[in-house]
Amino acid sequence: MEVKISGKEYTMNILNGISLGVVVALIPSALVGQLMAAIKGFFPYATTIIMMTSFAMSLLPIITGVCVSLYFKLNPIQISAVAIAAMVGSGAMQPGKGTFILAGTGDIINTGLTIALAVWIALLIGDRLKNFTMLLLPLLVIVIAGGIGMFILPYVKMIATTIGLIISNITSLQPLLMGTLMGICFAVLIVSPISSVGIATAIGLAGIGSGSANLGITAGSFMLAVYGSSVNPIGTSFAHFIGSPKIQMGNMLKKPLLFLPVCINAGIMGLIGAILHIGGNSMSAGFGFSGLIGPMAAYAGMDKGIMSVIILVIIFVILPVLLAYVSRHIFINKLGWIKPEDVLLDIK
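Conventions and cut-offs
Residues numbered from 1 in each chain as written. Predicted model: local features only at pLDDT ≥ 70, side-chain atom pairs only at ≥ 80, totals over all residues. Heavy atoms only, no water. UniProt positions renumbered as here; feature names shortened; annotations may be inferred. Helix = DSSP H or I, 4+ residues; strand = E, 2+ residues; numbered from the N terminus. Rg over C-alpha atoms; globule rule 2.2 N^0.38 Å. Buried < 20%, exposed > 50% of the residue type's maximum accessible area, 1.4 Å probe, protein only. Contact = heavy atoms within 4.5 Å. Lys, Arg positive; Asp, Glu negative; His and termini not counted. Charge placed at Lys NZ, Arg CZ, Asp CG, Glu CD. Axes fitted to C-alpha atoms, helices over the stretch in contact; angles between N-to-C directions. Parallel < 35°, antiparallel > 145°, perpendicular 65-115°, else oblique. Nonpolar A, V, L, I, M, F, W, Y, C, P; charged D, E, K, R; others polar. Patch = residues over 30% accessible without salt bridge, like charges linked within 9 Å, V, L, I, M, F, W, Y side chains within 5 Å. Areas by Shrake-Rupley, 256 points an atom, 1.4 Å probe, with all protein chains shown as cover. Salt bridge = Lys/Arg side-chain N within 4 Å of Asp/Glu carboxyl O. Expected span 1.5 Å × (residues − 1). Bend = angle between axes of the 7 residues up to and from the residue.

Per an unreviewed UniProt entry, the protein chain goes by Phosphotransferase system EIIC domain-containing protein and derives from Liquorilactobacillus hordei DSM 19519. Comment text from UniProt for the protein chain, heading Subcellular location (unreviewed entry), reads "Cell membrane".

On to the overall build of the protein chain, then. A count of helices and strands for the protein chain gives 14 helices and two strands. Computed over the C-alpha atoms, the radius of gyration of the protein chain is 21 Å, within 12% of the 20 Å expected from 2.2 N^0.38 for a compact globule of 348 residues. Seen along its three principal axes, the alpha-carbon backbone of the protein chain occupies a region of about 70 × 55 × 40 Å. Looking at the protein chain as a whole, 48% of its 348 residues qualify as buried. Considering only intrachain contacts with a sequence separation of at least 6, the fraction spanning at least 24 residues in the protein chain is 74%. Within the protein chain, the 8 negative side-chain charges are centred at a point lying 3 Å from the centre of the 16 positive side-chain charges.

Below, the discussion takes up the packing of helix 9 (residues 208-227) against helix 10 (residues 234-243). Here helix 9 crosses helix 10 at 175°, and the two axes come no closer than 8 Å. With respect to helix 10, the element helix 9 is oriented roughly antiparallel. The segment helix 9 lies against helix 10, with S221, F222, L224 and A225 engaging S237, H240 and F241. Across the contact of helix 9 with helix 10, the residue classes break down as four nonpolar, three polar and no charged.

On the surface, a cluster of nonpolar side chains totalling about 720 Å² of accessible area is made up of F132, L135, L136, L139, L140, V143, I144 and I148. Residue placement: V143 occurs in helix 6 (residues 133-170). Here V143 falls in the exposed class, since its relative accessible area comes to 52%.

Spanning 29 residues, helix 14 (residues 306-334) covers 39 Å between terminal C-alpha atoms, matching the ideal 42 Å at 1.5 Å per step. Residue I314 marks the point of greatest curvature in helix 14, where the axis turns by about 35°. Of the residues trailing helix 14, G336 is marked for its positive phi of about 70°.

Before going further, it helps to spend a moment on the side chain of N214. Relative to the assigned elements, N214 resides in helix 9. Among all residues touching N214, those that are not within four sequence positions of it are S284, A285, G286, F287, G288, G294 and F316.

Turning our eyes to something else, we now look at the pattern of salt bridges. The tally for this structure, following the rule as stated, stands at one salt bridge. For K255, the salt bridge goes to D342, with nearest N and O atoms at 3.8 Å. Within this pair, whereas K255 is found in the loop between helix 11 (249-254) and helix 12 (259-275), its partner D342 is found in the segment after helix 14, the two being separated by 87 residues in sequence. Look at K255 and you get partly exposed, because its relative accessible area is 25%. Judged by relative accessible area, D342 falls into the buried class, the value being 18%.

So, in structure tokens, the structure goes:
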């Protein structure tokens, strides 16, 4: 029996699967990466933990492929084929001398496009091949979807780089306006299919731009966590800022009005970051509060002492949380434009 899937449901399954895959693959490194790097001098096993969590990050395309497939209720053969095609098309797998090298997480946009095509092919074939399904379906999905993914990868990267150059031009503006815009831009990027870390790294975002970007992401993370705190489990709420608010990508596109409070809070925190000269580097920009990467990068450029720690606690935790509750009061309680159910995450 052929099951019909609407375009909206198809898109939401892809986006929700990608969001879930990001959580599974990236949160382990975000949680312990900075801590393990700090203690590896006297805790030798920390290096092994870093290696394991970094490996998990490189498996993002496969994990995402599996998560998306589960949303479509595919069978084991289809799931396996989609996952492999995702890895092939992601760009994370680089050829070496007689072997393969895992290079980062790959391009998440291209991964999503490859998965969307792989799932479509898997559903199109269905059980039409009868007894030959096990033999031919994986081959067709991997070669066609994975091959097309590899072909379009350079062009997708070019588009992402262009976006990065546009953002880079913002940094040439005066600091306060730049800080505000950086906070908004990266808060939007973090809940989109585009990799905020990839964009930041590609354009070499550093200094105040990096700090404002992280504060914008942090503001958006806490806001979404607070908005959904009454309908999401506490662990899921924590995942917004300990891990990544990208888990809300599907809900954001389903309810675009959510971008309004996210941009307002992110702009305010980006401006505050610029006023206080909160900095960072290209490797830290795009993480926000996740794994304490943003705060630790900011601390590296500040005077070492308790006062700097207090400032960081205020701007990376206290102010974003206060803004989140004020925003919830305005947009949910007073105006009624948004409901807590709009940010409900059905993660099973």
